[in-house]
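Survey of secondary and tertiary structure
So you can see what is in the structure, the chains are spelled out below.
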Amino acid sequence: MPIFEYRCDACGEILEVLARGSEPEPTKCPVCEGALARMMSLPADLKRMDGFFHKDNFSDSEIASKGLTKYVNRGDGTYEKAAGSGPKIMDRNKLPG
Ligand SMILES: [Zn+2]
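Summarised in this report is the structure supplied together with it. Here the structure is a predicted model, which is why all the values come from computation and not from measurement.

1. Quick notes on the pairing of strand 4 (residues 70–73)
Bridge count between strand 4 and strand 5 (residues 78–83): four bridges; the pairing is antiparallel. Each residue of the ladder has a partner; that of Val-72, found in strand 5, is Glu-80. Where strand 4 hands over to strand 5, the hairpin turn is made up of four residues, of which Gly-75 adopts a positive phi near 85°.

2. Examining unusual backbone geometry
For Glu-33, which is not glycine, the phi torsion reads 65° and is therefore positive. When you line up the elements, Glu-33 lands in the loop between strand 2 (14–18) and strand 3 (36–42).

3. Let's talk about the environment of Val-17
For Val-17, the position within the fold is in strand 2. Among the residues examined, Val-17 registers 16 C-beta atoms within 10 Å and is labelled partly exposed. Spatially, the C-alpha atoms of Val-17 and Pro-2 are 8.6 Å apart, while their sequence positions differ by 15 residues. In this structure Val-17 touches Ile-3, Phe-4, Tyr-6 and Pro-26, once residues within four positions along its chain are discounted.

Thresholds, definitions, all that
- Residues numbered from 1 in each chain as written.
- Predicted model: local features only at pLDDT ≥ 70, side-chain atom pairs only at ≥ 80, totals over all residues.
- Pairing = 2+ DSSP bridges.
- Helix = DSSP H or I, 4+ residues; strand = E, 2+ residues; numbered from the N terminus.
- Buried ≥ 20, exposed ≤ 12 C-beta atoms within 10 Å, placed from the backbone.
- Contact = placed C-beta atoms within 7 Å.

And the structure:
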């Protein structure tokens with residue numbers, strides 16, 4: 001079965017969807033409800049061989065080396081930086097939008 005990848009234009013979230021034919025395509029990011037754009041589809045095995053990006057098997061140092069920033073939800077409305085560059089603490093209530 002093909003796997004389709006969708007990327008959120010707004011926050012960069014990557015969504016992997018196994019195409020089952022009957023289910024409608026996702027159009028909204030599950031994280032921020034931004035618009036999703038479909039990326040290429042690849043067989044799962046090829047993706048593994050390729051070391052294809054998947055956020056779940058990215059280490060913190062890999063995230064930083066790709067110029068990305070990872071934040072961890074501290075549960076009180078703020079996010080603490082775990083990897084990458086950027087402010088050490090992000091306050092959800094002070095984010096634009
Ligand atoms: Zn998003």
